[in-house]
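Summary of the model geometry
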Amino acid sequence: MEEESEVVEFTPLCGSDAHDPLCSLLKIDGLRILLDCGWNDSFNTELLEPLREVCPKVDLVLISFPDLEHMGALPYAIKEFGLCKAGEKKVPICLTKAAADLGVLSLYDVYISRATEGEFPYFDLDDIDELRNKFLEVNFEQPVKIGGSDLEVSILRAGRLLGGGMWRIKREPEDILYAVDFNHKRELHLDGAHDSLSFSGLQKPTVMITDGFNISTHPRSHQREREKPRDKFLRKVITKLRSNGNVLLPVDCAGRVLELLIILERYWEQNKFSYPIIWANHVVQSAARHVQAHLEFTSKSMNEAFLRDKTNPFEFKHVKPVGNLEAMNMWRSPKVILCSGADLEYGFSRQLFGQFAPNRSNLILFTDRTMGDNLTSSLCKLITEKVDIRPQKLKFSRWEYAQGEELEQWKLKEMDRDAEEERKLQQIESMKKRRLQQIEATQALRDDMAGGDYELLKIESEPVVVEGNNKLKRQRSIDHGGGLFAIFAAKLGRTAMFSAPEPFRLTRRDEYGEEIDENDYMKANKDSENDKEKGKNQEKEEENGGEENHSEDLLKRGFGDVSLDCSLPRNLRDRLPRKTVYSDVLVRILCEIEYVDMEGRCTWNDTRNIISNLDPRKVVLVRSDEARTEEFRKRLCTDNKRRCLFPKVNEPVNIASDTGVWKIKLCRSLFDKTQNPLYDESLEKMLKIGDSEVTYVEGVIRKTQIGGRNYSVLEPLPLSSEPSGVQPSIEHTLVRQGDLTLSYLQGELIEKKIKAKFANQVLVCCGGKVTIRIGADKKIQLTGTLCTEYFEIRDLIYNRFISV
């Protein structure tokens, strides 16, 4: 039976279709690793159901990119499924510093955009802040050891988004490369994954996990366009601006929009244009600051320019960051607007789409096909198929606040609620005060007894029954706290005359009899007063079960600003006097609609070349439909040496590499001369090959339990029972670093007393009966007559040389 530590199993939890978000589970070395945890703009909870049983058992989370498709479901999974709450064990979420900051801002923008238009119950700002505290930030190519296992993970540059990467998961002999949505080409602000995927920077992985989103099934997909996407993008924008039309670009919050902003900024600077470029989302100011602070994650050329010119490339001169629609309308037309909401389902982009679409002079330019079934993907499909776009019926939503009599009734209810909460607080304060007096009285009585021979007894009184009435009137138990009815018994048989505490003993006095006021010894400054007031408020909050009393604040601060109201705690948002109002609007699409591929993903042709060059033993394809899977199988699965796997959702597949290498532990006695009868000095001189050390050792493998887990341990061979005590010797397989040469092989043959000499770069053996060549593919070619010498030489090569 295979041990748990040897199991390498991959299970897609989401991504059965080419437009689904990414989320997968990897089991390796007894650990469960969650690879990405994405969601799409539809926020369909059914997509996340496979996560429900998995999340409580996850040991590690690896995030590739700071966008909704790769980390959008993290706040919901933490709140609803218990992700990263595996008992006392801390479960980290690994990603880069830039990905952590920009990913949180993207989630902020998604929530605010949704919450300002209607109810959004999936997560809020508090849930996102809780997620931020669970991040473990790593740098590119920084190896991270996981727990006490031999597992090591590191992130490589993947291009496309600032801070995005590909994860490399190593545990001998497994070397897994998780590379999805990567871009190997260099761009203006990112270097891409070319250096990470080169042979100098990455050894050949045993398993490569990639996605099929960009697999093209079009028969002419291999033909490259004559015009570069960047040039086409600029031509479309400038042509429309010169014809006095506005340009709307639905983009993400702080991802691919950065590349578009730099392209426009540099082109505007070169041509001295004065058309306004507006960058709009709800967190645009914070996004601009964070991007300027993460130059170490940008391209080498951008870092060199920063060191040379001492100017931050993200300090734009022509780009205007805007956080609301009112400020957007202040800028004159024609203008370029890059606003969040790439799918046109919510946010600024949807509202502006309703304004721009009926005007023939405007242009709506898509640069990303987006995930899921949404308005952007539908329009891009119609553009590709060159079908006339009919009027679209769009549903808009907004918050409507109570007014007039309804508002007055709400205020009265809130005032009654405030009064009730205040009464409860006073009651709690009164109980605390009485309890404090009892404690002080008890302490005073104990101080009074300290000098005498009295001790406090615990007496359980019987129920007191009134004559003529069988009902239990009351029952009083006397505990160690004492009180007015405390009973004292003297050790010598005497009884205390006065059992009640004297009032003056409840007050602390100095040696002169003056009462001690603690306030006289307190520093009267604002900080102490503020801390004291803060402590009182915190105590009140704890007494109310963690809910603050903001009812009075709601009435004082006012409401009606949806951007501010969405930042309130959940319990206060539910109390606001508002409701969601929906309206259906038929939008005539008369404007020009275009699509230019600026997604920053690796093309299908380049993906095939990269997989062929890396030459992994297994390739796992996720997020792919039947057509893309068939194209992948036809192009890359013809070679019998490479195995391609196409798992479906919740379908586990074994991705352990078939290398014939087993993971075992070495017993210390192997390196002890007194306990190992086959001890050899070669054990102390291991040969370094790559990241491994190689030598030859003989022993017996036994199953042993270490730390509650089963391991295979290599122990020395037992001493022989033969009288001579001579152990049987096994001929060692030769280990040699580098390619095998004919001269090296000649020496091995001569050592076995087989005649061998060179003739025209061919090794001739046994007088010409057998010839040995090494081909261009570094493989040994053995030819000759079927004689004894031929089979002897063949067996020697087979038994003594192994290609690693």
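Keep in mind it's a predicted model, so treat the numbers as computed, not measured.

Moving on: the overall build of the chain. The helix and strand inventory of the chain stands at 22 helices and 35 strands. Counting across all 804 residues of the chain, residues that qualify as buried make up 44%. Look at the contacts in the chain between residues 6 or more apart in sequence, and 70% of them connect residues 24 or more apart. Split by element, the accessible area of the chain, about 45300 Å² in all, is 48% carbon and sulfur.

Turning our eyes to something else, we now look at the side chain of Asn312. In this structure, Asn312 sits in the loop between helix 10 (300-309) and strand 14 (319-322). Among the polar contacts made by the side chain of Asn312, one reaches the main-chain amide nitrogen of Phe314 at a distance of 2.9 Å. Setting aside residues no more than four positions away along its own chain, Asn312 makes contact with Gln292, Leu295 and Phe306.

Counted according to the given criterion, the structure contains 20 aromatic pairs. Relative to Tyr275, the ring of Phe273 has its centre 5.9 Å away and its plane inclined at 45 degrees; by these criteria the two rings are tilted. For Phe273, a relative accessible area of 15% translates into the label buried. The ring of Phe65 is capped by Arg160, whose NZ or CZ atom sits 5.3 Å from the centre of that ring.

Take the packing of helix 4 (residues 97-115) against helix 9 (residues 284-292) next. Two numbers describe how helix 4 lies on helix 9: the axes approach to 10 Å, and their chain directions differ by 170 degrees. As the angle between them shows, helix 4 and helix 9 are arranged roughly antiparallel. Facing Asp101, Leu102 and Leu105 of helix 4, the residues of helix 9 in contact are Ser286, Ala287, His290 and Val291. Taken together, the residues that form the contact of helix 4 with helix 9 break down as four nonpolar, two polar and one charged.

You can see Val284 is positioned in helix 9. Exposure remark for Val284: the relative accessible area of 2% places this residue in the buried category. Discounting residues that sit within four places of it in the chain, Val284 has contacts with Trp279, Pro321, Val322 and Gly323.

Turning to the sheet that holds strand 35 (residues 780-784), a few remarks are in order. Here we have four strands laid out as an open sheet, ordered 32-33-34-35, and antiparallel in their pairing. Because the sheet does not close on itself, it has two edges, and the strands there are strand 32 (756-758) and strand 35. Averaged over all adjacent pairs, the angle separating strand axes in this sheet is 25 degrees, with direction ignored. Note: strand 32 against strand 33 (residues 763-765), three bridges, orientation antiparallel. Note on strand 33: the bridge partner recorded for Ala756 is Cys765. Seen against the sheet, helix 21 (residues 742-751) touches strand 32, strand 33 and strand 34 (770-774) and runs at an angle of roughly 155 degrees to strand 32.

The subject of this paragraph is the pattern of salt bridges. Applying the stated rule across the entire model yields 33 salt bridges. Between Asp175 and Arg168 there is a salt bridge; the shortest N-O distance is 2.9 Å. Classification of Asp175 by relative accessible area gives buried; the value is 8%. Here Arg168 falls in the buried class, since its relative accessible area comes to 11%.

Further remarks concern the nonpolar core. Core analysis: the largest hydrophobic core is formed by 121 residues, its most contacted members being Leu26, Leu83, Phe233, Trp268, Leu338 and Ile655. Of the residues forming this core, the biggest block, 12 residues, is contributed by helix 4. In terms of nonpolar packing, the next biggest core, distinct from the first, is built from 25 residues, Ile278, Ile337, Phe366 and Leu394 among them.

Our next topic: the sheet that holds strand 4 (residues 60-62). Taken together, seven strands build an open sheet; the order of strands is 6-5-4-3-2-1-26 and the sheet is mixed. Single-partner strands in this sheet number two, and they are strand 6 (135-138) and strand 26 (653-654). By the bridge criterion, two bridges tie strand 1 (residues 8-14) to strand 26 in an arrangement that is antiparallel. Within the sheet, the bridge partner assigned to Phe10 lies in strand 26 and is Val653. Contacts from helix 4 reach strand 5 (93-96) and strand 6, with the element oriented near 100 degrees to strand 5.

On to a nonpolar patch on the surface. Among the surface-exposed residues, Trp662, Ile664, Leu666, Phe671 and Ile701 lie close enough to one another that they form a single nonpolar patch of about 540 Å² accessible area. With respect to the helices, strands and loops of the structure, Trp662 is situated in the loop between strand 26 and strand 27 (665-666). Given a relative accessible area of 68%, Trp662 falls into the exposed group.

In this section: the confidence of the model for the chain. Residues with a pLDDT of 70 or more make up 75% of the chain, whose mean pLDDT is 78. Counting contacts from residues 1-5, a segment whose pLDDT is below 50, to residues more than four positions away or on other chains yields 11 contacts. For the stretch residues 721-734, pLDDT sits under 50, and the model shows 24 contacts to residues farther than four places along the chain or on other chains.

With that settled, the discussion passes to the pairing of strand 13 (residues 277-280). Residues in a regular strand point their side chains to alternate faces of the sheet. Here strand 13 shows no split at all, with Ile277 and Trp279 on one side and Ile278 and Ala280 on the other all buried. Bridge count for strand 13 against strand 14 is four bridges, and the pairing is parallel. When the bridges of strand 14 are listed, Ile277 appears paired with Val319.

Glancing now at unusual backbone geometry. The general pattern is negative phi for most residues beyond glycine and trans for most peptide bonds. Along the chain, Ser333 connects to Pro334 via a cis peptide bond; the corresponding omega equals 0 degrees. In this fold, Pro334 is placed in the loop between helix 11 (325-329) and strand 15 (336-340). Of note, Glu141 is a non-glycine position whose phi angle comes to about 65 degrees, a positive value. You can see Glu141 is positioned in the loop between strand 6 and strand 7 (144-145).

Interhelical geometry of helix 7 (residues 229-242) versus helix 8 (residues 257-271) gives an angle of 60 degrees and a closest axis separation of 11 Å. With respect to the hand of their crossing, helix 7 and helix 8 are arranged in right-handed fashion. Together, Arg230, Phe233, Leu234, Val237, Ile238 and Leu241 of helix 7 and Glu259, Leu260, Ile263, Leu264, Tyr267 and Trp268 of helix 8 make up the contact between the two elements.

Attention shifts here to the side chain of Arg256. Within the fold, Arg256 resides in the loop between strand 12 (247-251) and helix 8. Contacts of Arg256, omitting those with residues within four sequence positions, involve Arg160, Leu161, Glu187, Met598, Glu599 and Gly600.

Here we take up helix 21. Taken as a whole, helix 21 has its buried residues at Leu742, Leu745, Gln746, Glu748 and Leu749. Mapping the buried residues of helix 21 onto a view down its axis gives an arc of 165 degrees, with all of them on the same face. Following helix 21 by one or two positions, Lys753 has its phi on the positive side, about 60 degrees.

With that out of the way, let us pick up the state of the cysteines. Using the criterion set out here, one finds zero disulfides in the structure. The thiol of Cys37 is not disulfide-bonded; the next cysteine sulfur, from Cys23, is found 4.5 Å away. When its relative accessible area of 0% is taken as the criterion, Cys37 is described as buried. Here Cys55 stays unpaired: no disulfide links it, and the sulfur of Cys37, its closest cysteine neighbor, is 6.1 Å away. Classification of Cys55 as buried rests on a relative accessible area of 1%.

Scoring rules and cut-offs
Residues numbered from 1 in each chain as written. Predicted model: local features only at pLDDT ≥ 70, side-chain atom pairs only at ≥ 80, totals over all residues. Heavy atoms only, no water. Helix = DSSP H or I, 4+ residues; strand = E, 2+ residues; numbered from the N terminus. Buried < 20%, exposed > 50% of the residue type's maximum accessible area, 1.4 Å probe, protein only. Contact = heavy atoms within 4.5 Å. Areas by Shrake-Rupley, 256 points an atom, 1.4 Å probe, with all protein chains shown as cover. Polar contact = N/O pair within 3.5 Å; in protein donor to acceptor, adjacent residues only side chain to side chain. Phe/Tyr/Trp six-rings, centres within 6.5 Å; stacked < 30°, edge-to-face > 60°. Lys NZ or Arg CZ within 6 Å of the ring centre and 35° of its normal. Axes fitted to C-alpha atoms, helices over the stretch in contact; angles between N-to-C directions. Parallel < 35°, antiparallel > 145°, perpendicular 65-115°, else oblique. Nonpolar A, V, L, I, M, F, W, Y, C, P; charged D, E, K, R; others polar. Pairing = 2+ DSSP bridges. Salt bridge = Lys/Arg side-chain N within 4 Å of Asp/Glu carboxyl O. Core = buried A, V, L, I, M, F, W, Y, C linked by side-chain atoms within 4.5 Å. Patch = residues over 30% accessible without salt bridge, like charges linked within 9 Å, V, L, I, M, F, W, Y side chains within 5 Å. pLDDT = per-residue confidence, 0-100. Left-handed = near helix turned anticlockwise from the far one by under 90°. Arc of directions from axis to C-beta. Disulfide = S-S within 2.5 Å.

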